[in-house]
Amino acid sequence: MERTPPTRSRRSAVILACALLALVIAAVLLWPRSAPPAPALDTHASASPSSPARADAGPARVGQFESTGRAGAATTLALRRDAAAGDPVAMRELAEVILECGFGAWRGAAIGQAVDRVSAHVQPAHHPQLRAAAKRLQAKCDHLPGTRQQLAMQYRQLLQEAADKGDLIARLRQRSRAFGDEQQVLPDDAAELVEEALISEDPVALYELSNLYAKLPAEASLAGIGNSTLNNPALILLACERGLDCGLTSRHADQICLNSGECGQTLEGLLWRAADAEGETQALQARMDALRRILDEVDRAR
């Protein structure tokens, strides 16, 4: 378990909270003011016929191609191909890549300029991790055709179509990222979403449930989780425990590194470090244990 002195407690907590919500912030701040109709989904013209296998192999595939720039490019190309074929998993994961890329803002020289700005706040020993994270992101982003306006509309279209096909992750992401009028048009299925996420064997569902809880804490009580400020980090840690890629080269660690300069640590390490800085390590462990018992009961009931 990685620990940090109490003197850094407030900084650690703020950095972690901001980094974990970076994608939601991007959706609000980078969304173009006006947008033409989105291009058709078959935007895979440059995809090679020898691209990797379909992305519909299930949750275990998410994050498997994140270790190198070449793999990141292959992932985007495969997702574009499979999304065009109507695969809901590929649709929502391609939407996620579009969001990670700031609707196309992080292509070409832009990512290098962002790294230059962040590098001043990164420990010199962690500069290689920062550059590697930028390389992985750029490889994915450079293979997204279209303007920012087109990609913004395609993001919404992909997520909506995946949700319409019943994809749980897409529905959770829609719910946790909806603001204002968008909330009013979503189905009244918050309780159902929480229950489905808990009974799902997909660790990504637990991660997305944590984001839903961070936005709407009351939703968690609908499934008997109970209200706690530690539900968010506890659910993320349980998702990592159950197979979510939370390592140094995961998409989550990359986003934290690129958005906050906190590089060279796993997602789990950052969460435990923030809890330790706030004096909440034991409380977080107890919350994890309580939620783990709920999940174990669900497992036994299958």
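Quantities reported herein were computed from a predicted structural model and do not represent experimental measurements.

Rules and cut-offs
- Numbers given for residues are sequential positions, taken from 1 along each chain in its written order.
- Residue-level local features of this predicted model are given only where pLDDT is at least 70; pairs of side-chain atoms are given and counted only at 80 or more, and the full residue set underlies all totals for whole chains, interfaces and linings.
- Side-chain figures throughout are based on the complete set of non-hydrogen atoms in the structure, without hydrogens or water.
- Going along the chain from the N terminus, every DSSP run of H or I of four or more residues is numbered as a helix, and every run of E of two or more is numbered as a strand.
- A helix is expected to span 1.5 Å multiplied by its residue count minus one.
- Here the term buried applies to any residue with accessible area under 20% of the maximum for its type, exposed to any over 50%, and partly exposed to those in between, with areas from a 1.4 Å probe on protein chains only.
- pLDDT is a per-residue confidence score from the predictor, ranging from 0 to 100.
- Any two residues whose heavy atoms approach within 4.5 Å are treated as being in contact.
- Basic side-chain nitrogens of Lys or Arg form a salt bridge, by our definition, when they fall within 4 Å of a carboxyl oxygen of Asp or Glu.
- Between N or O atoms, a polar contact is any pair within 3.5 Å; within protein, one atom must be a potential hydrogen donor and the other a potential acceptor, and residues adjacent in sequence are included only when both atoms are from side chains.
- Nine residue types can take part in a nonpolar core, namely buried Ala, Val, Leu, Ile, Met, Phe, Trp, Tyr and Cys, and a core is a set of them joined through side-chain atoms within 4.5 Å.
- Picture the helix axis, draw a direction to every C-beta atom, and the arc is the one those directions span.
- When two rings of Phe, Tyr or Trp (its six-membered ring) have centres within 6.5 Å they constitute a pair, described as stacked for plane angles under 30 degrees, edge-to-face for angles over 60, and tilted for the intermediate range.

A. Helix 16 (residues 281–301), seen in detail. Here helix 16 contains 21 residues, and its C-alpha end-to-end distance of 30 Å stays within 8% of the 30 Å for a straight helix at 1.5 Å per residue. Among all positions in helix 16, only Thr-281, Leu-284, Arg-287, Met-288, Ala-290, Leu-291, Arg-292, Leu-295 and Val-298 are buried.

B. View of the confidence of the model for the protein chain. Averaged over the protein chain, the pLDDT score is 77; the fraction of residues at 70 or greater is 71%. Residue range residues 1–68 is modelled with pLDDT below 50. Its contacts to residues more than four positions away, or to other chains, number 137 contacts.

C. Geometry of the pattern of salt bridges. Overall, the coordinates contain 18 salt bridges when judged by the stated rule. Between Asp-254 and Arg-136 there is a salt bridge; the shortest N-O distance is 2.8 Å. Of this pair, Asp-254 sits in helix 14 (residues 251–260) while Arg-136 sits in helix 6 (residues 127–141), and the two are 118 residues apart along the sequence. A single burial state applies to Asp-254 and to Arg-136, both of which are buried. A salt bridge links Arg-292 to Glu-241, with the shortest nitrogen-to-oxygen separation between them at 2.8 Å. Taken together, the residues span a long stretch of sequence, with Arg-292 in helix 16 and Glu-241 in helix 13 (residues 231–241) at a distance of 51 residues. Classification of Glu-241 as partly exposed rests on a relative accessible area of 44%. A single network of salt bridges, built from pairs that share partners, joins Arg-92, Glu-93, Glu-96, Glu-100, Lys-140, Asp-167, Arg-173, Arg-177, Glu-208 and Arg-251.

D. Molecular detail of the side chain of Glu-262. Tracing the chain through its elements places Glu-262 in the loop between helix 14 and helix 15 (267–277). Accessibility expressed as a relative area gives 9% for Glu-262, which makes it buried. A polar contact of 3.1 Å, which involves the side chain of Glu-262, links it to the side chain of Arg-273.

E. Focus on the nonpolar core. Residues Leu-172, Leu-198, Leu-206, Leu-209, Leu-267 and Leu-284 are the most contacted members of the largest nonpolar core, which totals 34 residues. The element that contributes the greatest number of residues to this core is helix 13, accounting for seven residues. By size, the runner-up hydrophobic cluster in this structure holds 32 residues, among which are Ile-98, Ile-111, Val-118 and Leu-151.

F. The arrangement of helix 5 (residues 109–119) in detail. Within the span of helix 5, buried status applies to Ala-110, Ile-111, Ala-114, Val-115 and Val-118. For helix 5, the buried positions fall inside an angular range of 140° around the axis, keeping them on one side. Away from the buried face of helix 5 by more than 90 degrees, exposed residues Ala-109, Asp-116 and Arg-117 are located. Structurally, helix 5 contributes buried residues whose contacts are with helix 6 and helix 14.

G. Region of the structure containing the side chain of Glu-93. Its place among the elements puts Glu-93 in helix 4 (residues 88–100). A distance of 3.2 Å separates polar atoms of two side chains, one belonging to Glu-93 and the other to Arg-173. A distance of 2.8 Å separates a polar atom in the side chain of Glu-93 from a polar atom in the side chain of Arg-251.

H. Main features of the packing of aromatic side chains. Scanning all chains against the criterion turns up one aromatic pair. A ring pair is formed by Phe-103 and Tyr-155, whose centres lie 5.7 Å apart and whose planes are at 75°; its orientation type is edge-to-face. One end of the pair, Phe-103, is in the loop between helix 4 and helix 5; the other, Tyr-155, is in helix 7 (residues 148–164), and 52 residues separate them in sequence. Each member of the pair, Phe-103 as well as Tyr-155, carries the same accessibility label: buried.

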